[in-house]
Structure formats: C-alpha cells, structure tokens
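Listed below, chain by chain, are the residues.
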Amino acid sequence: MSWLAALCLLLLHTEAFKVHLFRGDSLTHEKITERAILNVTAQVCRALARAEGKDFTFPRLTAESVAVACEAPKSSKSFLQTIQLIRTKNKRVDLWYFYSPRYHFDNENFSEGRRIITEGLSVIKASNKKNNFEAARDKLGRILHPLQDFYSHSNWVEMGNNLPNSNLIRSNAVIGEIAAKDRATCRNCIGDDCTNNILEDILRDKILTSGYFGLTKPTGGINKDNLVASHGHLHMKAANLAIAATSELLEDIRGAAGDRPFLQMMGISKGKALCFVIDTTGSMIDDIAAVRTVTSSIINSKVGTEDEPSVYILVPFNDPEFGPLTRTTDPNVFKNAINSLSATGGGDFPEMALSGLQLALTGAPRNSEIFVFTDAPAKDQHLRSTVIALIEQTKSVVNFMITGILGRRRRRQSGDGQQQQLSSRMLPSNAQLYRDLAQASGGLAIEVSKSELLVATSIITESSSSSLVTILQAARSPGKAENFTFMVDESVRNLTVYIIGTFVTLTVISPSGVSQGSADTTGSLITASQSVGNFKTLKLKTQPGLWEIKMMSTNPYIVKVIGESPIDFLFDFLEVSQGPFGDLDVVDNRPRAGVNGSLIVTVTGSDSTTVTEVILVESSGSREVNGSVEALGGGEFLAKFDRIPAEEFVVLVKGQNSNGSSGVLQRQSPTSIKASNLIVTSPDSNSVLVPGIPLSVPFSVMTSGAGGNFRIQATNDQGFTSSFPSSLLLETGGSANGTVNLTAPSTTLSGTDVTLTIEVEAPGSADNNYVVLRFAVLKTVTDFTQPVCEVLSLQSNCSDICSLSMWELSVQVTDGAEGTGVDRVSLRQGNGTMNISSTTGSENITLVSYSSSCCSPDVELLVVDQVGNVASCFYSVRIAASSSPQSATTNSPQSPAAVVSLSTRAVQSIVLCFSITILGLSLTF
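Residues numbered from 1 in each chain as written. Predicted model: local features only at pLDDT ≥ 70, side-chain atom pairs only at ≥ 80, totals over all residues. Heavy atoms only, no water.

## A short note on the overall build of the protein
Line of reasoning, step 1. A count of helices and strands for the protein gives 18 helices and 45 strands.
Line of reasoning, step 2. In the protein, which comprises 925 residues, the proportion classed as buried is 57%.
Line of reasoning, step 3. Long-range contacts, defined as pairs at least 24 residues apart, comprise 73% of the intrachain contacts of the protein with a sequence gap of at least 6.
Line of reasoning, step 4. Total accessible area on the protein is roughly 36400 Å²; 51% of this is exposed by carbon and sulfur atoms. (Helix = DSSP H or I, 4+ residues; strand = E, 2+ residues; numbered from the N terminus. Buried < 20%, exposed > 50% of the residue type's maximum accessible area, 1.4 Å probe, protein only. Contact = heavy atoms within 4.5 Å. Areas by Shrake-Rupley, 256 points an atom, 1.4 Å probe, with all protein chains shown as cover.)

This is the structure we're talking about:
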C-alpha cells in the first residue's frame, strides 16, 4: 500500500474513533495534537513491522498501547513526555501570542500564518537531520497551533471542504483565493444564531476569510474553537480536519527523516540514552580503559534487547578544549569513538569538566543518566549554576566517577615531549563541587582509586535498564542516625540500595520483620553486596510491603533505593500564565517559594494506578508539605500545595493499583528542586538563528523580594558570540527587562542546536533563577520543490506463476537546476532489491535500479532532497491473463502479459483520498 492509501486509512481510522472519543466534548489543541501523534506513530510502527514480515495489530490510541505495539514498551514514559512537551508548546502560542493574528490565521493573515508553518517545518527537518530531536519537538508544537487554527478560524469548512488544505505546508503553492482585508465577508448574526452569517458570494466563489470572533462588526463570528462558539455546530468537523492536517504534516516530517529517526523524535526507542563525559588528560589512561570495557559489556549484553540504548553520547574534555559531542544510534560508531580517545596533555591540574557536562546536558534527551569520569577538579566552576539549571530543566541524573580523591602523581606532556611529574591530589574541597552537582541531580559521586574504577562502573550496567525507578533517596550532611521507610509494590524487581559515604553502617528490615545488617553476610535479605571506595551496593530480596532502613553514621552519607518497574511518573509545576485567559502553564524553571502552588503528575506504565499522595520532601531533612490530589483523567492528577518550600526538596508520589494487586506504590523524583522568589521569562518569539545575523532574545525579571542590582549571566553550549547586560536594577517587588544578542558564526551548519541559559542572581547571592531556551540554526531555504522521478525502463516477464518471474525498473531522480540535490532514496514499499548510483556534474542525477519477483508487483520510492523536500514515486506491474511470459516497458504499455501503472507525486498530496479510502475499507488493520 502506498503512503497515500496509508494516510487516507489513517484518517478513516481517526474518524472511526470519533463517536465514542469525542461525543459531547470540545477538542482542544492538546487533544488534536495528541490524537494525530498517536495515529501517525502507530502507522510508522505498522509499516516497520510489515517491512520485517511481522504481524501488527493496530493498538488503542494511548501512549502506553502505542509504545507496546511498537515493541518498545519501556519507552512509554519518554513517548508520553514528548507528547506533553509538544502539547505544551502548542498551548503556549495562545498564552504568548493571543493578539498576534498571524499565529492564528486571523484578519486574513493567511500568507503570514503559512510562513510560520513552512519556516518551522524547515527547522524541524534540518534539526532531525542532525539528530537534534529536542529542537525539532520544540518547533513542532509551535507550528501545529496555527495549522490547526486554520480550520477553526477560517471558512475552509463552511466552503464544503472535506480534506485538509495541503498547500499550508508548502512554501511555493497557492492556499486559495484570499479575501481583501477591506472586503465584506460576513453579516451580523441573528441573536445567537450565526449559522448563515457568511455572505453568499464568499462561499460561491470559494474566497478564504478569517478573523471573526464577534469582537467587532459584523457581530457574531465564524469561530469553531469549541462547541459553544459562533460556528460551534461545525467544531467537530473542523477539529477532525485539524487532526488530519496535523497527521499530514507529521507524515511529511516522517518522509524527510525516515521512519526510525521519526520514532526517535517522538521518544519511541527500546532503551535509554548511554551518555559518557570523559576527561582525556594524560593521567586518564586507566580510566579510559575502564570506560572501554564497560561500554563493550553494555553493548554486547544490551544490543537486540528491550534495553538496547536508544542513543549513545560521548563528550570528551581536556584543557582548554572540550567536545565535540558525538551522538549516534550505531553501537559500533560509539565503540570506535571510545576506542579513539587518547589520554594526552592537560596543561595545569584543573580541567574543563563543567563545559563538557554542559554540552552533554543539552545534547542528551531529557531524563537521561550521565556519567562523568575525571581525576581533576573543574577549572570552569563559574558554570556551576548553569549546570544546575540544566539539570533541573532536563531532570537528568549526573553521576561522577572520581579517581583523583585518593592522591597520586599526575603526568602531563611537556613542551619537549617529556613526561613531567605534577602533584595531583584532588583535595576533598575540590571534589565537593562534584558531590553537590551529583546530589542536586539525584546522582552519585563515586570516589575510588584507579584500580577500583572498573568494579565501581558496575553501576553503569545496572543503570542502563530503561525501567529503573527511584523509590527513595535521602542525603544527610553531617550524618546522623535516622530511620527511613519506603513502600515496595508488586511491580518492582531487582531491589537495590546504594550508599555513598565512609564508615556507614545500616540495618535493613523487611515487611515481614526480618532484619539484616550491612556487614552480615549470612542473612536472607541481602542477596549480594559490594563495596569499593566510598560506594556500597546491597541487592535485596524483593518483597512487597513497607521496608525500613536504619542508618547509623556521623559522617555524611547518601542512601538511594532503586528497582526496576514499568510504573513511574512525570511531573511539572504549574503557575498562572501571563496570557489573557489566566490559564495554568507549565513552569520551565524554578517554582515560586513560600506561596501556594500546583503540580501535575502523570502516571506512566500503568492504566490502573491511582495517585493518592503527592508530598514535597526536604532533600536534606525530614520536613514535608502534603498536597491535595485531584484526578483529572487519562492518568493525570493535579496536586495543590498551600506553600512551596524554600528549602531544596524532592517530589514523592504514592499510589494504589486498582487491578487487584495489594500494597502501596511509592516513587520519588531523583532531581532536587529549589524554589525562588525570582521569576525569569522569555517569550522566545523567534527560535531560529540565521548564521552571521545577530538574534535579539528579550527576557524579563520580576522579584517578590527586596530590590537592588541583580546580576545577569548568559551562557550557551556552542560558544557562540553573545552580549547581555551584566546587571538589572529592580525595585522591591518590581520587574525589569533585558536582551541577549546571540550570533551564530556564518559557517554554522543548518540544524545545529544551541541552548542559551539566562541566569539571574539576587543581591548578595541570596536567590537565583534562570530560563533555558533552545534555538535551531537555519540557513535561508530557497529550494521548495520536490525531487522528480523519470522512468528510464520497466521490463517484466510476469506470468500467471508469479514466483517464477521477475520485473525490473530503472528510474532517474533529479532535483532540478535550482535544487539542493538528492539526499536520500529509500523504499517505502516493495520487497525487491534496490541499487543507487549518482552521477557527477551540475545535473546531479541519481540513478535507481530495482528488481523484484512478480509476486511483489508494487514499489514506492521515497526521495528526499538536502533540505527535506519529499517526493513519492509509485510504480506497479499488474499481471494480465496470458499463456506465455511477455515483456512490458514504458514504451510498450499495451503488452498483454502485464499492465504497467506509473505514478509520481509529491508526498504531501492527498488527491483522490476519498476514492482510495473507499477501496481501503476492505483492508485489515
């Protein structure tokens, strides 16, 4: 089946769900977006399964069910998180740009609205091409809002159209005839009845108009945003066209990226990211060797399993260099990158550790676990607050593997090539920075000798499980005797306790009352234990119920309880938005301290878990703030708090399974959260950087505390040139505005992703907050035409016994004289063999040959040019009644043995969709 039939069947599938999903409820942008993403993602997984000869049962359209159908059940959390991010970015268009007509196709701003969509589409394709999926998701949410508004704000539906306007996602096509801004298009409604308020000549002549909300004359409007709007009787039709249009845009992105990269953009993959940040100075030879060993172990044991890493990331750092970031899905490429590391140089003792970590935090997916290997303190300690901001914003866990704390002699290369001895003892005060960063992220700072490092890296193998959950984590400095309790539910496996600290003893008590000390090797609760450096692990015999750990130490320690379970949670703080509606919006930085607040919790991995408690627990103490919990449906729960603690805290969630299993479920966020009295915001109106052209990024700062001079610091992970005010003067309870000017070098490649972190610090360093912004670099796009396929020959000797005969096809693919050139040709459909060769010279011709058994008579070539324009070329050989084999070519289509059907089209086209849908009714999903 061609992509066209698949898209039409997708739309039919959407329509089939309409009756019981949509009855009585208006469809918001969030619902429309989620429905389309689930639809298209399931279709992609269906195509991949069939290409591998596997059966595929179309799932229920939920994130959990689609992830399972895609054979990646452990990615349901990241898939759901991606959907939530795209939905949030979509909603924010209303919050930030409600009064900007071009973001909503209002006031006849059709060309301007289309420009937002097509320019954003170019950014998404360029970002995906460089595997910068975070930037692609960010931009996707922004352009879906105007695309969907076209159907609820214009008269496209009233004109009788039953298909999306495909030209909205093409830069060089005609949207339709647009009404002049001074032309009358509507009449006043009669009371509340606006059914026939569009003028007859507008509908007769198919003139596009928009912008009537009843705010000006003529009174009334044609808005279809909800069921009670002026044209609310057409809301469902407009919403379903918006779902179809969103699906069509996603199909275009899919075609440009390829199926598996598209799934990566959506957060669908078998495992979690494996991310290493490695010091490559002269003394790190043993450490790098240990990393090579553990990398090989993970790859050899995980590849082909459901825990195979979704992406491999490597960031080396030295002095004064750091990077580049290597990001790949190919384990062999990652192995080669690790094997190519060499331990040389280093200059003076401190290294660029935080610069390397900053690059990893911005390049890795959210909720990643990052491992930093070093034996030296950080030279770039000024990035401390930037790194903490990125940890909080990405909710990533950072573990430090430190081999310099125990003291040794460090070597570096001298100018004449001779080795020089340097004193290298990393003092405890130097290692404290790493401990603080690890604790803030919910990670561990493991301090061992170089000979012990390989044993300590066992944590990496355990942490590579994509279903790892945190049940409890607490830090005490100074240490003290304290009892900790935690609940283990029936879904938990491989229960493990991590302890960081020296001279720490503890006793574990099971739900049945059995106890065992950490030094006792004969008990029945601890099935395995390991101790190296300051790091100790205890494997426990997993039992559901209430456990207790009695810690006994006066030294600082961290205790962490983890397990494997499909059930986890996502959370975001909410605040009243600055938009015109006063809606709740997700807080991307620190919540406000000392005031009431809200938290939205989403359960992942279970349809039967109910959240019963949400508690804010002090990270280094026992004080708690309990919230009131309200179920919102769909696995989402709203927790409201009387106050947000001023101290650092973690989020503790408890719940109950309603599927008959007993016991309370408990999960904790590993990342610590710090509230603030500062609010830092930026509308991020233009998230595209043109190489060589400065981009002005406005931001605002507001304080609910004392005034004064507030220090400003802006850093970016690519080292691009920037300028910004060093401080802003705020009055008590006041606000001020500033601007960061950011410039990408003229040589920067399209698709490059840059993260800008703007930090604000109150006078006396009493408080701080930040805003983290992502920008994609995009050179001006001038190629808007799809590649073209031209058949050179098509020969067939197909007979009635298809398995005994073959057919062959030869196609010439070009991208035109003004095109950017063909980037990729792939099979969207067909079981034959394809070979590709390219010619040199200005014509830029790609030759494609294809051969197949006559039992597989259809082939669809997907052709993508360098900027992501996509064309689909479909060819089919139909066997006709014949007593002997014949030959068919494009020059002799009358051949009696075979009828040759040729079709070349742009991938966005959905012409004849209804006729194909009718034929497709007999097909089985």
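## Focus on the state of the cysteines
Line of reasoning, step 1. Under the counting rule described, the total for this entry stands at 5 disulfides.
Line of reasoning, step 2. Shown here is the disulfide that connects C189 with C194, its sulfur atoms set 2.0 Å apart. Looking down the S-S bond of the C189 and C194 bridge, the torsion is 115°, so its handedness is right-handed. A single burial state applies to C189 and to C194, both of which are buried.
Line of reasoning, step 3. Note on cysteine connectivity: C789 is disulfide-linked to C873, with sulfurs 1.9 Å apart. Its torsion about the S-S bond being 75°, the disulfide of C789 and C873 is classed as right-handed. Here the residue C789 occupies a position in strand β38 (residues 788-796), and C873 occupies one in strand β44 (residues 870-879), the gap between them amounting to 84 residues. Taken as a pair, C789 and C873 share a single burial class, namely buried.
Line of reasoning, step 4. Not engaged in a disulfide, the cysteine C186 finds its nearest cysteine sulfur in C189; these two sulfurs lie 7.9 Å apart. (Disulfide = S-S within 2.5 Å.)

## Section: helix α9 (residues 235-257)
Line of reasoning, step 1. Along its 23 residues, α9 runs 33 Å from first to last C-alpha, staying within 8% of the 33 Å computed at 1.5 Å per residue.
Line of reasoning, step 2. The element α9 is largely enclosed, with a buried count of 22 among its 23 residues.
Line of reasoning, step 3. After α9 finishes, the residue G258 shows a positive phi value of roughly 100°. (Expected span 1.5 Å × (residues − 1).)

## Some remarks on empty space enclosed by the protein
Line of reasoning, step 1. This structure, assessed with the given rule, holds 4 cavities of 30 Å³ or more.
Line of reasoning, step 2. Considered as a void within the structure, the largest cavity measures approximately 160 Å³ in volume.
Line of reasoning, step 3. Along the wall of the largest cavity there are 17 residues; nearest its centre are S122, K125, I169, F784 and N869.
Line of reasoning, step 4. A per-class count over the lining of the largest cavity returns 5 nonpolar, 8 polar and 4 charged. (1 Å grid on protein atoms, 1.4 Å probe; cavity = no way out; pocket = protein on both sides within 12 Å on 5 of 7 lines; lining within 4 Å. Points joined across faces, edges and corners; volume = space filled by probe spheres on them. Nonpolar A, V, L, I, M, F, W, Y, C, P; charged D, E, K, R; others polar.)

## So, unusual backbone geometry
Line of reasoning, step 1. That bond from D319 to P320 is cis: its omega, 15°, falls within 30 degrees of zero.
Line of reasoning, step 2. Tracing the backbone shows P320 in the loop between β4 (312-317) and β5 (326-328).
Line of reasoning, step 3. The amide bond that connects G323 to the next residue, P324, takes the cis arrangement and shows omega of 0°.
Line of reasoning, step 4. Within the element layout of this structure, P324 appears in the loop between β4 and β5.
Line of reasoning, step 5. The phi dihedral of E108 falls on the positive side, at around 60°, and the residue is not glycine.
Line of reasoning, step 6. If you trace the backbone, E108 turns up in the loop between α5 (76-97) and α6 (110-129).
Line of reasoning, step 7. The exposure class assigned to E108 is buried, which follows from its relative accessible area of 9%.
Line of reasoning, step 8. Of note in this structure, K206 is not a glycine but carries a positive phi near 55°.
Line of reasoning, step 9. Counting through the fold element by element, K206 comes out in the loop between α8 (200-204) and β2 (207-208).

## A short note on the confidence of the model for the protein
Line of reasoning, step 1. Looking at the protein, pLDDT values average 85 and 86% of them are 70 or higher.
Line of reasoning, step 2. Taken as a whole, residues 1-24 scores under 50 in pLDDT and shows 62 contacts with residues more than four places along the chain or in a different chain.
Line of reasoning, step 3. Low confidence marks residues 406-425, where pLDDT is under 50. Its contacts with residues over four positions away, or in another chain, come to 47 contacts. (pLDDT = per-residue confidence, 0-100.)

## Describing the packing of aromatic side chains
Line of reasoning, step 1. In total, this model carries 19 aromatic pairs according to the counting rule given.
Line of reasoning, step 2. Taken together, a centroid distance of 5.7 Å and an interplanar angle of 85° make the contact between F276 and F373 edge-to-face. One end of the pair, F276, is in strand β3 (residues 274-279); the other, F373, is in strand β6 (residues 369-374), and 97 residues separate them in sequence.
Line of reasoning, step 3. Classification of F373 by relative accessible area gives buried; the value is 0%.
Line of reasoning, step 4. Every member of this aromatic cluster is reached through a ring pair, and the members are F105, F110, F150, Y151 and W156. (Phe/Tyr/Trp six-rings, centres within 6.5 Å; stacked < 30°, edge-to-face > 60°.)

## A short note on the sheet that holds strand β13 (residues 493-500)
Line of reasoning, step 1. If you walk across this open sheet you meet the 5 strands as β11-β19-β13-β17-β16, and the pairing is antiparallel. The sheet terminates laterally at β11 (468-476) and β16 (526-532), the two strands that pair on one side only. Ignoring strand direction, the axes of neighbouring strands in this sheet form an average angle of 15°.
Line of reasoning, step 2. Here β16 pairs with strand β17 (residues 535-540) via 6 bridges, running antiparallel. When the bridges of β17 are listed, V532 appears paired with F535. (Pairing = 2+ DSSP bridges. Axes fitted to C-alpha atoms, helices over the stretch in contact; angles between N-to-C directions.)

## Observations regarding the packing of helix α3 (residues 29-51) against α5
Line of reasoning, step 1. At their nearest, the axes of α3 and α5 sit 9 Å apart, and the two run at 145° to each other. Between α3 and α5 lies a crossing whose hand is right-handed. The segment α3 lies against α5, with H29, E30, T33, E34, I37, L38 and T41 engaging F79, I83, I86, R87, N90, K91 and D94.
Line of reasoning, step 2. Of the residues that constitute the contact of α3 with α5, the class distribution is 5 nonpolar, 4 polar and 5 charged. (Left-handed = near helix turned anticlockwise from the far one by under 90°.)

## Topic: the pattern of salt bridges
Side-chain pairs of opposite charge can arise where the charged atoms are in close proximity.
Line of reasoning, step 1. A complete count under the given rule lists 37 salt bridges for this structure.
Line of reasoning, step 2. Two residues, K272 and E369, come together in a salt bridge whose shortest N-O distance is 3.4 Å. You can see K272 sitting in the loop between α10 (259-265) and β3 and its partner E369 sitting in strand β6, a full 97 residues away along the chain. Accessibility classification places K272 together with E369 in one group, the buried group.
Line of reasoning, step 3. Its salt-bridge partner being R623, residue E647 comes within 3.4 Å of it at the nearest N-O pair. (Salt bridge = Lys/Arg side-chain N within 4 Å of Asp/Glu carboxyl O.)

## Section: the sheet that holds strand β35 (residues 735-743)
Within a sheet, each strand pairs with its neighbour through backbone hydrogen bonds, oriented either parallel or antiparallel.
Line of reasoning, step 1. Strand order in the open sheet formed by 4 strands is β29-β31-β35-β33, with antiparallel pairing between adjacent strands. Whereas interior strands pair on both sides, the edge strands pair on one side only; in this sheet they are β29 (678-681) and β33 (721-723). Each strand axis lies, on average, 20° off the axis of its neighbour in the sheet, ignoring direction.
Line of reasoning, step 2. Here strand β31 (residues 695-703) pairs with β35 via 8 bridges, running antiparallel. Bridged to S696 within β35 is N741.

## Here we look at the nonpolar core
Line of reasoning, step 1. Counting 60 residues, the largest nonpolar core has L140 and L249 as the members making the most contacts within it.
Line of reasoning, step 2. Sequence-distant contacts of L140, that is, excluding residues within four places in its chain, are made with I86, I124, L249, L250, I253, M265 and M266.
Line of reasoning, step 3. In terms of nonpolar packing, the next biggest core, distinct from the first, is built from 34 residues, V294, I338, F371 and V532 among them. (Core = buried A, V, L, I, M, F, W, Y, C linked by side-chain atoms within 4.5 Å.)

## Here we look at the environment of T715
Line of reasoning, step 1. Inspection of the secondary structure puts T715 in strand β32 (residues 708-716).
Line of reasoning, step 2. We classify T715 as buried; its relative accessible area is 11%.
Line of reasoning, step 3. Expressed as a C-alpha distance, the spacing of T715 and T757, which sit 42 residues apart in the sequence, is 5.4 Å.
Line of reasoning, step 4. With residues up to four places along the chain from it excluded, the contact list for T715 reads Q358, L383, T386, T755, L756, T757 and E759.
Line of reasoning, step 5. Only 3.4 Å separates the side chain of T715 from the side chain of T386, close enough to count as a polar contact. (Polar contact = N/O pair within 3.5 Å; in protein donor to acceptor, adjacent residues only side chain to side chain.)

## Quick notes on the pairing of β17
Line of reasoning, step 1. Burial within β17 is extensive, with 5 of its 6 residues counted as buried.
Line of reasoning, step 2. Sheet topology note: the β13/β17 ladder contains 5 bridges and is antiparallel. The residue of β17 that forms the bridge with Y498 is T537.
Line of reasoning, step 3. Turn length for the β16-β17 hairpin, with the two strands adjacent in sequence and antiparallel, is 2 residues, and the turn residue G533 shows positive phi of about 60°.

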